[in-house]
Amino acid sequence: NGTLILITDGTNGYTFTISGSTFAVISDADYPDTMTTCSWLDGQFIVGGDGSDQFFISPTGTAWDALDFASAESNPDGIVRVFSDNGEVILFGENTTEYWGNIGAADFPFAAIKGSTQEFGLASRWSVCKFNSGIAALMKPRMGQVQVMFISGYVPKPISSQEIDFLINEYATVSD
């Protein structure tokens, strides 16, 4: 958020205050401590990616409310990673990708963007990167092979060659 960095490791959440170079464990009992990924969008810290369908938000990063959460709705398949890009929260699941936007509601500011869900899941949690006004990641369809894909406007398009796809799919595991 410009003053505080949120870090999560799947066991604990941490904050780093930039101005004072202070590193601290999040001590709030409501922090969902099994989260593996985090992001920031529109004044909210966002955590998720523990394999459940839920993601949580906090405006401060240090104070958490156990009721400030939502669940992937269109085709819940376990959130692998939360990510933000172009003013939207992206919930990468095992088999689908779902987009949420800020609707400004007082109770929970984000809502699913209807019609944006794609039948491609995230094959590797740490492969997501902002790229050329979109996102590139190692993705997989529900019944297909893993491919490097570029996502722009909710539409994933393969950008890897058949030769690269073959090599990647020969690996014993691609999730790492």
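See the structure printed just above.
The following paragraphs examine the structure supplied in this document. (Residues numbered from 1 in each chain as written. Predicted model: local features only at pLDDT ≥ 70, side-chain atom pairs only at ≥ 80, totals over all residues. Heavy atoms only, no water.)

### A closer look at the environment of G10
Link 1 in the chain: Note on placement: G10 falls in the loop between β1 (4-8) and β2 (13-17).
Link 2 in the chain: Along the sequence, G10 and D50 sit 40 residues apart, while their C-alpha atoms lie 7.2 Å from each other.
Link 3 in the chain: Filtering out sequence-adjacent residues up to four positions away, G10 remains in contact with D33, T34, M35 and T36. (Helix = DSSP H or I, 4+ residues; strand = E, 2+ residues; numbered from the N terminus. Contact = heavy atoms within 4.5 Å.)

### Topic: the nonpolar core
Proteins that are soluble and globular tend to have nonpolar side chains buried together.
Link 1 in the chain: Grouped together as the largest cluster of nonpolar side chains are 14 residues, with contacts concentrated most on I46, F55, V89, L91, W100, F108 and F110.
Link 2 in the chain: Taken together, the elements giving at least two residues each to this core come down to β6 (54-58), β8 (79-85), β9 (88-93) and β11 (110-112).
Link 3 in the chain: Non-local contacts of L91, meaning those with residues more than four positions away in its chain, are made with F55, A72, I79, R81, V82, T96, T97, E98 and W100.
Link 4 in the chain: F83, F92, Y99 and F120 belong to the second-largest nonpolar core, a separate cluster that totals 13 residues. (Core = buried A, V, L, I, M, F, W, Y, C linked by side-chain atoms within 4.5 Å. Buried < 20%, exposed > 50% of the residue type's maximum accessible area, 1.4 Å probe, protein only.)

### Description of the sheet that holds β8
Link 1 in the chain: Judged by pairing direction, the sheet is antiparallel, and its 4 strands sit side by side in the order β8-β9-β10-β11 without closing on themselves. Because the sheet does not close on itself, it has two edges, and the strands there are β8 and β11. Strand after strand, the sheet turns through a mean of 30° between neighbouring axes, direction not considered.
Link 2 in the chain: Here strand β10 (residues 97-102) runs beside β11; their pairing, made up of 3 bridges, is antiparallel. Note on β11: the bridge partner recorded for G101 is A111. (Pairing = 2+ DSSP bridges. Axes fitted to C-alpha atoms, helices over the stretch in contact; angles between N-to-C directions.)

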